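A look at the structure
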Amino acid sequence: FNRFALHGLAANAIAVPLTGFWVMPWAMVACLLMPFGVEEWGLVPMGWGVALVNDVAVEVASWPAATIAIGALPPEGLVLMTLGGIWLAIWRRPWRIWGLVPIVVGGATLFLEQPPDVIVSHDAKVMAVLARDGTYMLSGGRSGSLLEETWTRRGGTEAGAKWPKAGRSTDDSLACDALGCIYTARGRQVALLRDTAALVEDCRADLVISPVPARRACGRETKVIDRIDLWRDGAHAVWLAPDRMDIRSVNSWRGDRPWVPRHGRADQ
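Only a predicted model underlies this, so the values are computations on that prediction, with no experimental measurement involved.

Quick look at the overall build of the protein
Counting its secondary structure elements, the protein contains 9 helices and 14 strands. Computed over C-alpha atoms, the radius of gyration of the protein comes to 25 Å, more than 25% over the 18 Å expected from 2.2 N^0.38 for 268 residues, which places it beyond the range of a compact globule. Projected onto its principal axes, the C-alpha coordinates of the protein cover approximately 75 × 55 × 40 Å. Counting across all 268 residues of the protein, residues that qualify as buried make up 36%. Taking contacts inside the protein between residues at least 6 apart in sequence as the whole, the part at least 24 apart equals 45%. Surface exposure of the protein reaches about 16,600 Å², of which carbon and sulfur atoms provide 63%. Mean positive and mean negative side-chain charge positions of the protein (28 and 27 charges, respectively) differ by 6 Å.

Take a look at the structure:
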């Protein structure tokens, strides 16, 4: 998902005939031999073909620029492409070709979607910030590998360096110490707390992300995503701009539906 294979044609040119003319016939032979208990006679040569298909996939994947990361298609783009496909499928007259227009426009919306600058998991144990080279720097954590794969694929980017325990990242956008990190991008500062002792000082940032309730500690002037927000609305993503911050949560994206979990929030 969210990957475009540049050399897929070369891989398929070998793998598809191999599957059709070797793997599948031996699979049928194995099925016919199963009642006699000698299906191994078909499964072994079938396995040779499967192994060769895997070898082709590994070899092609190792070629330079084998894949390109592509972000998730915006809902508007999906609607346009769907309507264009329906138009092409319904009409038989020459004007059906106009269905290609919304398909192309919908596909082009991929280039308009920007990955979030900051992502925080539902329990604040894993966070990610967008580095200046377009990769995601992740804080780590036990569930970091799964989140890393999900976040990078949806953002159409790759995983970069891990957060430094102390000091600055190589691109100077992330400064960390034992209490937390300060992420700077587009003229904005985001405080990413590791310890509640950093609350007093880090409340001066444009946005504070805290693993514990923090609204009372920072006051109403500072934007805060704290443990209660994460418990109530799930993971959050933040887009930074010099004049604004766009903050979205999982539940706000899902909408107000019966199957979306809702938790009450006491104003702490």
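Back to the text.
Thoughts on unusual backbone geometry
Within the chain, Ala124 stands out as a residue other than glycine whose phi angle is a positive 65°. Within the fold, Ala124 resides in the loop between strand 3 (118-120) and strand 4 (127-130).

Quick look at the sheet that holds strand 6 (residues 159-162)
Across the sheet, which stays open at both edges, the 6 strands sit in the order 6-5-4-3-13-14 with mixed pairing between neighbours. Single-partner strands in this sheet number two, and they are strand 6 and strand 14 (244-249). Sheet twist, expressed as the mean angle between neighbouring strand axes with direction ignored, is 20°. Where strand 13 (residues 236-241) and strand 14 come together, 6 bridges link them in antiparallel fashion. Within strand 14, the position partnered with Leu240 by the bridge is Met245.

Section: the sheet that holds strand 7 (residues 167-168)
Ordered in space as 7-8-9-10-11-12, the 6 strands form an open sheet in which the pairing is mixed. Whereas interior strands pair on both sides, the edge strands pair on one side only; in this sheet they are strand 7 and strand 12 (223-225). Summarising the sheet, strand 7 and strand 8 (residues 174-176) pair through 2 bridges and their orientation is antiparallel. By the bridge assignment for strand 8, Arg168 is matched with Ala175.

Definitions and limits used
- Residues numbered from 1 in each chain as written.
- Predicted model: local features only at pLDDT ≥ 70, side-chain atom pairs only at ≥ 80, totals over all residues.
- Heavy atoms only, no water.
- Helix = DSSP H or I, 4+ residues; strand = E, 2+ residues; numbered from the N terminus.
- Rg over C-alpha atoms; globule rule 2.2 N^0.38 Å.
- Buried < 20%, exposed > 50% of the residue type's maximum accessible area, 1.4 Å probe, protein only.
- Contact = heavy atoms within 4.5 Å.
- Areas by Shrake-Rupley, 256 points an atom, 1.4 Å probe, with all protein chains shown as cover.
- Lys, Arg positive; Asp, Glu negative; His and termini not counted.
- Charge placed at Lys NZ, Arg CZ, Asp CG, Glu CD.
- Pairing = 2+ DSSP bridges.
- Axes fitted to C-alpha atoms, helices over the stretch in contact; angles between N-to-C directions.

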